[in-house]
Amino acid sequence: QKEVEQNSGPLSVPEGAIASLNCTYSDRGSQSFFWYRQYSGKSPELIMFIYSNGDKEDGRFTAQLNKASQYVSLLIRDSQPSDSATYLCAVTGTASKLTFGTGTRLQVTL
Amino acid sequence: DTGVSQDPRHKITKRGQNVTFRCDPISEHNRLYWYRQTLGQGPEFLTYFQNEAQLEKSRLLSDRFSAERPKGSFSTLEIQRTEQGDSAMYLCASSIWTGTPNQPQHFGDGTRLSIL
C-alpha cells in the first residue's frame, strides 16, 4: 500500500465548475497536509496547507481534512483553464520530510 | 523574499561523471530539503538539514550521493559516478522550523539532470 494515494486522472471539468481532488494516506500519525500545484516541466508550487480536521478556505481553494478517515481533499471553485496542472498531495508526520502522492492531473475545458 | 534558488537549471553529463548542484534557500529559513522527481511520480525525499546539521537521509540515497550545508546557508548535492537512473529533476525546498506542526516547504525551480 502506498503511503499517499491519489487518482492519477486526468480529471476533466468544464470551465466554471468545481474540481474535487482527493487524497488518502496510510500513516495515522500524519500531522500536516499540503497541496501543491505543478505545471508540466515546472517545480511544485504550494497551494494550501491544513493541520486540523475540517475545512480551510483561501480564495477559490478549499482544503478539507478528515483524520478519522485518513482523507484530505482540495476543492477548486470556478475552475479556470489556468488551473490545468497536476495537483500533488503531501503529508508529514513527526518527521519533517514530505511524502507525496503521484499527483492528479486536472484538465479544465473551455 | 527572493525565493529558493537552484543552479544550474539544466545539467547534461556523460555516465560516470560527477555532478554538483547548488541550492540557496529563502534567507530566514533554517531547514533545507533535497528531493528527486522522475516523470509521472511525486517528488521523493533525499535528505534535509536544519542549519548546518544533516538530520535525515533517505535509505534510497546511495553512497554516491552526498549533501552539505557547511555554513547553514546554501547547500550542495553531489552525485559521483553518475548512472542512467540518476536522470531526474532534483528539487530543493526550504522552510522555517518552529516546532510542530511542520511549516510549508517552498520549492526552487529544480535542476534537471540528464545522463547520456
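Residues numbered from 1 in each chain as written. Chains lettered and ligands numbered in written order. Predicted model: local features only at pLDDT ≥ 70, side-chain atom pairs only at ≥ 80, totals over all residues. Heavy atoms only, no water.

Participant: Help me understand the overall build of chain A in this model?
Facilitator: Scanning chain A from N- to C-terminus turns up zero helices and eleven strands. For chain A, the N- to C-terminal ordering of α and β elements is β-β-β-β-β-β-β-β-β-β-β. Here chain A has a C-alpha radius of gyration of 13 Å; the compact-globule value for 110 residues is 13 Å, and the two agree. Across its three principal directions, the C-alpha atoms of chain A cover 40 × 30 × 20 Å. Per-residue burial over chain A gives 45% buried out of 110 residues. Contacts in chain A between residues far apart in sequence, at least 24 positions, make up 53% of those at least 6 positions apart. (Helix = DSSP H or I, 4+ residues; strand = E, 2+ residues; numbered from the N terminus. Rg over C-alpha atoms; globule rule 2.2 N^0.38 Å. Buried < 20%, exposed > 50% of the residue type's maximum accessible area, 1.4 Å probe, protein only. Contact = heavy atoms within 4.5 Å.)

Participant: Looking at this structure, how should I read the state of the cysteines?
Facilitator: Defined simply, a disulfide is a covalent bond joining two cysteines at their sulfur atoms. All names here are of chain A. The final tally for this structure, using the stated rule, is two disulfides over all chains. A sulfur-sulfur separation of 2.1 Å characterises the disulfide bridge that pairs C23 with C89. Judged by the sign of its S-S torsion, about -70 degrees, the cystine formed by C23 and C89 is left-handed. On the criterion of sequence distance, the pair formed by C23 in strand β3 (residues 19-25) and C89 in strand β9 (residues 85-92) is long-range, its members being 66 residues apart. (Disulfide = S-S within 2.5 Å.)

Participant: So what exactly am I meant to see when it comes to the pattern of salt bridges here?
Facilitator: Two side chains carrying opposite charge are able to pair once their charged atoms lie near each other. Counted by the stated rule, this structure contains nine salt bridges over all chains. Between E45 of chain A and R37 of chain A there is a salt bridge, with its nearest N and O atoms 3.0 Å apart. When its relative accessible area of 13% is taken as the criterion, R37 of chain A is described as buried. With its nearest N and O atoms 3.8 Å apart, the salt bridge here joins D109 of chain B to R9 of chain B. Taken together, the residues D109 of chain B in the loop between β10 (106-107) and β11 (111-115) and R9 of chain B in the loop between β1 (5-7) and β2 (10-13) connect sequence positions 100 residues apart. Judged by relative accessible area, which is 42%, D109 of chain B ranks as partly exposed. Looking at R9 of chain B, the relative accessible area reads 38%, which means it is partly exposed. (Salt bridge = Lys/Arg side-chain N within 4 Å of Asp/Glu carboxyl O.)

Participant: Looking at this structure, how should I read the side chain of Q6 of chain A?
Facilitator: All names here are of chain A. Following the sequence through the fold, Q6 ends up in the loop between β1 (4-5) and β2 (11-14). In this structure Q6 comes out as buried when scored by relative accessible area, which is 11%. Looking at Q6, its side chain comes within polar contact range of the main-chain nitrogen of G103, at 3.1 Å. Beyond its immediate stretch of four places on either side in the chain, Q6 contacts N22, C23, W35, Y87, L88, C89, G101, T102, G103 and T104. (Polar contact = N/O pair within 3.5 Å; in protein donor to acceptor, adjacent residues only side chain to side chain.)

Participant: Before we go on, may I ask you to explain the sheet that holds β1 of chain B in this structure?
Facilitator: In sheet architecture, strand pairing relies on hydrogen bonds along the backbone and comes in two forms, parallel and antiparallel. All names here are of chain B. Overall, antiparallel pairing links the four strands, which are arranged β1-β3-β8-β7 in an open sheet. One side of each edge strand has no neighbouring strand; the edge strands of this open sheet are β1 and β7 (65-68). The average undirected angle you get between the axes of adjacent strands in this sheet is 15 degrees. As paired elements, β1 and strand β3 (residues 19-24) share three bridges and run antiparallel to each other. (Pairing = 2+ DSSP bridges. Axes fitted to C-alpha atoms, helices over the stretch in contact; angles between N-to-C directions.)

Participant: What exactly am I supposed to notice about unusual backbone geometry here?
Facilitator: The bulk of non-glycine residues show a negative phi, and the bulk of peptide bonds are trans. With an omega of 10 degrees, the peptide bond running from G9 of chain A to P10 of chain A counts as cis. Topologically, P10 of chain A is positioned in the loop between β1 and β2. For the peptide bond that leads from D7 of chain B to P8 of chain B, omega is -5 degrees, which places it in the cis range. Position of P8 of chain B among the secondary structure elements: in the loop between β1 and β2.

Participant: I keep staring at the sheet that holds strand β7 (residues 61-66) of chain A and nothing clicks. Help me out?
Facilitator: Residue and element names in this part refer to chain A. Taken together, five strands build an open sheet; the order of strands is β1-β3-β8-β7-β6 and the sheet is antiparallel. Each edge of the sheet is formed by a strand with only one pairing partner; in this case those strands are β1 and β6 (54-58). Here β3 runs beside strand β8 (residues 71-76); their pairing, made up of six bridges, is antiparallel. Looking at the pairing, T24 lines up with Y71 of β8.

Participant: Sorry if this is basic, but what is going on with the packing of aromatic side chains here?
Facilitator: The relative placement of two aromatic rings is captured by the distance of their centres and the angle of their planes. In the structure shown here, the tally under the stated rule is 13 aromatic pairs over all chains. A centroid spacing of 5.8 Å and a plane angle of 50 degrees characterise the contact between Y36 of chain A and F100 of chain A, whose relative ring orientation is tilted. Remark: F100 of chain A occurs in strand β10 (residues 99-100) and Y36 of chain A occurs in strand β4 (residues 32-38); sequence separation between them is 64 residues. The two residues Y36 of chain A and F100 of chain A agree in class, both being buried. Ring centres of F21 of chain B and Y90 of chain B lie 5.4 Å apart, and the angle between their planes is 45 degrees; on these two criteria the pair is classed as tilted. Linking F21 of chain B in strand β3 with Y90 of chain B in strand β9 (residues 88-95), this pair joins segments that are 69 residues apart in sequence. Exposure class is identical for F21 of chain B and Y90 of chain B. Each is buried. (Phe/Tyr/Trp six-rings, centres within 6.5 Å; stacked < 30°, edge-to-face > 60°.)

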